[in-house]
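Chain residues, written in single-letter form:
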Amino acid sequence: MKILVTGGTGYIGSHTVVELQNEGYEVVIIDNLSNSDRTVVDSIAEITNHVPVFEELDLVDRAATFACIEKHKDIVGVIHFAALKAVGESVEKPLLYYYNNLTSLINLLLAMQKFDLQNFVFSSSCTVYGQPDQLPVGEQAPLKKAESPYGNTKKISEDIIRDSVDAGSMNAISLRYFNPIGAHDTALIGELPLGVPNNLVPYITQTAIGKRDHLKIFGKDYSTHDGTAIRDYIHVVDLARAHVVAVKRMLQGNSKIPFEIFNLGTGNGFTVLEVIKAFEKVSGEKLNYQFTGRRKGDIEKVWADTSFANQELGWKAALGLEEMMLSAWNWELALSNRFT
Ligand code: NAD
Ligand code: UD1
């Protein structure tokens with residue numbers, strides 16, 4: 001059975017392609033390589049002994065998108081990762097974000113409609129909850145005003161998908177990721193942040209390897225046990241596996257309603273200092289860090305209520321914080337060997 005993975009050479013997409021191929025699916029990747037590299041296809045093939053089909057195209061190009069879907073009309077499911085995702089950049093260039101993320105989605109849904117494809121999985125984010133009123137946060141929690149144009153594209157995308165499902169015969173699942181970190185245990189694929197990373201874990205590993213002088217911890221006066229902010233970090237391989245489960249659920253006709261939404265987290269919250277401690281333990285490196293003020297737009301704490309996803313999907317995150325940090329560190333070491 002053939003699955004289309006948009007954004008399949010990206011961070012989460014590449015790990016998902018590996019898990020799909022490991023389960024025997026044929027994979028077609030669409031990516032415009034705006035935030036990834038063609039060599040990722042070779043790395044996927046090295047891990048799985050199977051070369052995925054790679055179609056380099058921009059999903060904002062409707063004609064090219066239609067032609068590609070027509071060529072692969074036997075696709076039974078679509079997992080849509082392709083999007084721009086840098087929060088800060090989205091504040092500076094909102095139109096780029098709305099144009100890329102929403103036009104891509106609409107073109108893809110139009111193509112699915114035209115060629116009668118049924119099953120759609122979408123990459124959403126816990127950012128739609130903002131700072132939740134209650135923790136852990138469940139899927140029914142009210143959505144908050146988005147802090148950034150990027151976050152808003154996720155809210156709007158969920159609305160677009162819901163309306164499309166209501167109007168047609170398509171099934172969809174939106175997966176709201178908490179904080180994906182880590183890399184494949186082969187260290188052949190992982191996150192490739194361009195320039196200075198915004199996210200915590202790549203910043204930690206780049207500091208430890210010497211690419212950055214020190215990590216700045218944003219805020220030490222949060223109302224948490226050590227004063228630093230709390231997130232629900234999830235291993236990217238656990239996250240990838242959840243996508244395979246979601247696709248299978250739709251293929252087997254097990255969806256309870258045509259548009260389902262699930263949280264993908266571990267259900268455990270860790271502070272920034274706890275993440276650093278786990279990193280230092282598994283790597284044996286002492287991290288250079290300093291405290292600084294809070295980052296604008298950051299929330300204090302969030303972690304997932306995973307009971308609905310665990311029960312309905314029969315999926316549970318299995319890998320712990322130390323495994324996440326060790327795989328992230330091994331990936332950073334592999335990258336430094338690759339480029340020296
Ligand atoms: P990524 O940037 O590594 O991967 C996204 C891929 O999409 C890239 O390879 C990029 O080249 C491609 N792409 C972007 N626009 C495209 C277009 N118009 N046409 C074709 N390809 C295009 O990002 P990621 O971390 O793997 O994220 C995957 C998805 O998950 C995104 O939708 C992101 O918003 C969402 N998400 C990510 C996180 C996270 O922390 N990484 C958290 C929540 C949600
Ligand atoms: C980021 C995105 C959010 C996205 C989420 C999941 C921003 C503002 N938000 O959120 O939209 O849904 O990832 O991918 O980018 N930290 C430091 N120093 C650093 C970097 C981070 O102290 O150099 C702290 C942050 O303040 C936060 C924690 O580490 O408390 C995690 O930060 P980050 O990895 O950027 O993720 P989020 O802020 O959760």
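The structure under discussion appears in the preceding block.
For the structure given in this document, a descriptive report is provided here. Per chain, the residues get numbers from 1 upward, laid out in the order the sequence is written. Lettering for chains starts from A, numbering for ligands starts from 1, and both go in the order in which the items are written. Two thresholds apply to this predicted model, a pLDDT of at least 70 for residue-level local features and 80 or more for giving and counting side-chain atom pairs, whereas whole-chain, interface and lining totals are computed over all residues. Side-chain measures here rest on the full set of heavy atoms in the structure, leaving out hydrogens and waters.

**Some remarks on the packing of helix H1 (residues 11-22) against helix H2 (residues 39-48)**
For any two helices packed against each other, the geometry comes down to the angle between their axes and how far apart the axes lie.
Piece 1. Running from N to C, H1 and H2 point in directions that differ by 35 degrees, and their axes come no closer than 10 Å. The two elements H1 and H2 cross, and the hand of that crossing is right-handed. From H1, Ser14, Val17, Val18, Gln21 and Asn22 reach across to H2, where they touch Val40, Ile44, Ile47 and Thr48.
Piece 2. In the contact of H1 with H2, the residues fall into five nonpolar, four polar and no charged. For helices, the fitted line uses only the C-alpha atoms of the stretch in contact; every axis is such a line through C-alpha atoms, and the angle between N-to-C directions lies from 0 to 180 degrees. Numbered from the N terminus, helices here are DSSP runs of H or I no shorter than four residues, and strands are runs of E no shorter than two. Crossings are classed by handedness, with left-handed meaning an anticlockwise turn of the near helix from the far one by less than a right angle and right-handed meaning a clockwise turn. In this analysis, two residues are considered to be in contact whenever any of their non-hydrogen atoms come within 4.5 Å of each other. Any residue outside Ala, Val, Leu, Ile, Met, Phe, Trp, Tyr, Cys, Pro, Asp, Glu, Lys and Arg is labelled polar, Gly included; the first ten of those are nonpolar and the last four are charged.

**Examining helix H11 (residues 321-338)**
Piece 1. By this rule, a helix spans an expected 1.5 Å times one less than how many residues it contains. Across its 18 residues, H11 extends 26 Å between first and last C-alpha, which sits within 8% of the 26 Å expected from 1.5 Å per residue.
Piece 2. We call a residue buried when its accessible area falls under 20% of the maximum for its residue type, exposed when it is over 50%, and partly exposed in between, using a 1.4 Å probe and counting protein chains only. Buried residues of H11: Leu321, Met324, Met325, Ser327, Ala328, Trp329, Trp331, Glu332 and Leu335, and no others.
Piece 3. Residues of H11 that are buried in the fold lie against strand E7 (179-181), helix H7 (200-209), strand E10 (233-235), strand E12 (270-271) and helix H9 (272-283).

**A closer look at the site of ligand 2**
Piece 1. Throughout, near means a residue has at least one heavy atom within 4 Å of the molecule or strand. Around ligand 2 sit 19 residues, and of these Ser125, Lys216, Arg231, Arg295 and Asp298 come closest.
Piece 2. Side-chain atoms alone can form a polar contact between residues adjacent in sequence; in general such a contact is a pair of N or O atoms within 3.5 Å, and within protein one must be able to donate a hydrogen while the other accepts it. At 2.7 Å from a nitrogen atom of ligand 2 is found a main-chain nitrogen or oxygen belonging to Lys216.
Piece 3. Here Arg231 contributes a side-chain N or O atom positioned 2.6 Å from an oxygen atom of ligand 2.
Piece 4. Surface accessibility follows the Shrake-Rupley procedure with a 1.4 Å probe radius. Residue values consider only the protein chains on display as shielding. The fraction of the free accessible surface of ligand 2 (740 Å²) that becomes covered by protein chains is 86%.
Piece 5. The biggest single contributor to the shell around ligand 2 is strand E8 (residues 215-218), with four residues.
Piece 6. Taken together, the residues of the shell around ligand 2 sort by class into 10 nonpolar, five polar and four charged.

**Topic: the packing of aromatic side chains**
The relation between two aromatic rings is expressed through the spacing of the ring centres and the mutual angle of the planes.
Piece 1. Side-chain rings of Phe, Tyr and Trp (the six-membered ring for Trp) are treated as a pair once their centres are within 6.5 Å; stacked means planes under 30 degrees apart, edge-to-face means over 60, and tilted covers the remaining angles. Counted under the stated rule, the structure contains five aromatic pairs.
Piece 2. With a centroid separation of 5.2 Å and 25 degrees between ring planes, the pair formed by Phe262 and Phe308 is classed as stacked. Here Phe262 is found in strand E11 (residues 259-264), whereas its partner Phe308 is found in helix H10 (residues 307-313), with 46 residues between them in sequence.
Piece 3. With relative accessibility at 35%, the residue Phe308 sits in the partly exposed group.
Piece 4. On the basis of an interplanar angle of 90 degrees and a centroid distance of 5.4 Å, the ring pair of Phe279 and Trp329 is categorised as edge-to-face.

**Considering the nonpolar core**
Piece 1. What we call a nonpolar core is a set of buried Ala, Val, Leu, Ile, Met, Phe, Trp, Tyr and Cys residues that are connected through their side-chain atoms within 4.5 Å. Leu20 and Leu175 are the most contacted members of the largest nonpolar core, which has 37 residues in total.
Piece 2. Residue assignment for this core shows that the elements contributing at least two residues are strand E1 (2-6), H1, strand E2 (26-31), H2, strand E6 (171-177), helix H8 (236-251), E11 and H10.
Piece 3. Per element, the largest residue contribution to this core is eight residues, and it comes from H8.
Piece 4. Setting aside its immediate chain neighbours within four residues, Leu175 contacts Val121, Phe122, Ser123, Ser124, Ser125, His243, Ala246, Phe262 and Leu264.
Piece 5. Counting 25 residues, the second largest nonpolar core, distinct from the first, contains Cys68, Met112, Phe115 and Phe122.

**Focus: the side chain of Lys2**
Piece 1. Among the secondary structure elements, Lys2 is positioned in strand E1.
Piece 2. Relative accessible area serves as the criterion here: at 18%, Lys2 is assigned to the buried category.
Piece 3. There is a polar contact of 3.3 Å between the side chain of Lys2 and the side chain of His72.
Piece 4. Other than its neighbours up to four places away in sequence, Lys2 contacts Glu26, Val28, His72, Asp74, Ile75, Val76 and Gly77.

**Digging into the site of ligand 1**
Piece 1. Looking at ligand 1, there are 27 residues lining it, with Ile12, Asp31, Asn35, Ser36 and Tyr150 nearest.
Piece 2. Contacts to ligand 1 include Ser34, whose backbone N or O atom sits 3.0 Å from an oxygen atom.
Piece 3. Contact distances for ligand 1 include 3.0 Å between a nitrogen atom and a backbone N or O atom of Leu59.
Piece 4. In isolation ligand 1 has 820 Å² of accessible area, and contact with the protein removes 95% of it.
Piece 5. Contributing elements (two or more residues each) for the shell around ligand 1: H1, helix H5 (94-114), strand E5 (119-125) and helix H6 (149-167).
Piece 6. Per-element accounting of the shell around ligand 1 gives the leading share, three residues, to E5.
Piece 7. Residue classes in the shell around ligand 1 are distributed as 11 nonpolar, 12 polar and four charged.

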